[in-house]
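If you want the building blocks of each chain, they are given just below.
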Amino acid sequence: VQLQASGGGLVQPGGSLGLSCAASGRIIGINDMFWYHQAPGKQRELVALILSGGGTRYADSVKGRFTISRDTAKNTVYLQMSSLKPEDTAVYYCNAFIRSMIATREYWGQGTLVTVSS
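Conventions adopted
- Residues numbered from 1 in each chain as written.
- Predicted model: local features only at pLDDT ≥ 70, side-chain atom pairs only at ≥ 80, totals over all residues.
- Heavy atoms only, no water.
- Disulfide = S-S within 2.5 Å.
- Helix = DSSP H or I, 4+ residues; strand = E, 2+ residues; numbered from the N terminus.
- Buried < 20%, exposed > 50% of the residue type's maximum accessible area, 1.4 Å probe, protein only.
- Phe/Tyr/Trp six-rings, centres within 6.5 Å; stacked < 30°, edge-to-face > 60°.
- Lys NZ or Arg CZ within 6 Å of the ring centre and 35° of its normal.
- Contact = heavy atoms within 4.5 Å.
- Pairing = 2+ DSSP bridges.

Asker: How should I be thinking about the state of the cysteines in this particular structure?
Answerer: Working definition of a disulfide: a covalent bond connecting the sulfur atoms of two cysteines. Using the criterion set out here, one finds one disulfide in the structure. With a sulfur-sulfur separation of 2.0 Å, Cys21 is cross-linked through a disulfide to Cys94. Since a negative S-S torsion denotes a left-handed disulfide, the Cys21-Cys94 link at about 55 degrees is right-handed. A residue pair is termed long-range when its members are at least 10 positions apart, and Cys21 in strand S3 (residues 17-24) and Cys94 in strand S9 (residues 90-100) qualify at 73 residues. Of the two residues examined, Cys21 and Cys94, each falls in the buried class.

Here you go:
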């Protein structure tokens with residue numbers, strides 16, 4: 001089982017960018033899914049989460065600007081980011097608790113860099 005994130009890049013302040021993260025392997029199901037980010041010199045922080053039932057939560061810093069969603073059939077979680085600010089610059093990581101034939105365990109994606117700059 002692995003998580004593969006994609007969609008990072010360079011965007012101007014005020015712009016939009018979408019991230020995706022797909023789980024692959026012998027998956028029975030996926031519980032909650034998360035997006036974190038880690039800015040240079042700072043600790044990794046939770047950005048958004050989506051529960052298995054579809055409920056969502058956001059960090060105060062991104063409320064109203066970011067939207068997390070998931071496609072259960074594709075085992076994929078998305079993060080749509082808008083009104084981006086320079087302080088959103090970070091490596092973004094997806095995270096999920098995935099049920100396989102062996103066990104339920106936590107997985108991390110490899111991280112994708114988002115740079116907000118003019």
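Asker: How should I be thinking about the packing of aromatic side chains in this particular structure?
Answerer: Aromatic rings considered in pairs are described by the distance between their centres and by the relative angle of their planes. Tallied over the full model, the rule gives four aromatic pairs. Geometrically, the ring pair formed by Tyr36 and Trp108 is tilted, given 5.0 Å between the ring centres and 55 degrees between the ring planes. Placement of the pair is Tyr36 in strand S4 (residues 27-38) and Trp108 in strand S10 (residues 104-108), with a sequence separation of 72 residues. Ring geometry for Tyr93 and Trp108: centres 6.5 Å apart, planes at 85 degrees, overall edge-to-face. Placement of Tyr93 in strand S9 and of Trp108 in strand S10 is noted, with a sequence separation of 15 residues between them. Put simply, the rings of Phe34, Tyr36, Tyr93, Phe97 and Trp108 touch in pairs and so form one group of aromatic residues. Sitting above the plane of the Tyr93 ring, Arg44 keeps its charged end 3.7 Å from the centroid. Above the face of the Tyr107 ring, Arg105 is positioned so that its terminal group lies 4.1 Å from the ring centre.

Asker: What is the right way to look at the environment of Leu17 in this model?
Answerer: Residue position: Leu17 is located in strand S3. Look at Leu17 and you get buried, because its relative accessible area is 16%. With 46 residues separating them in the primary sequence, Leu17 and Lys63 have C-alpha atoms 15 Å apart. Among residues more than four places away in sequence, those in contact with Leu17 are Gly7, Gly8, Gly9, Leu79, Gln80, Met81, Leu84 and Val114.

Asker: Before we go on, may I ask you to explain the pairing of S10 in this structure?
Answerer: In the case of a regular strand, side chains alternate between the two sheet surfaces. Bridge analysis of S9 against S10 gives five bridges, and the strand direction is antiparallel. Residue pairing in the sheet places Arg99 in a bridge with Thr104 of S10. The turn linking S9 back onto S10 is made up of three residues.

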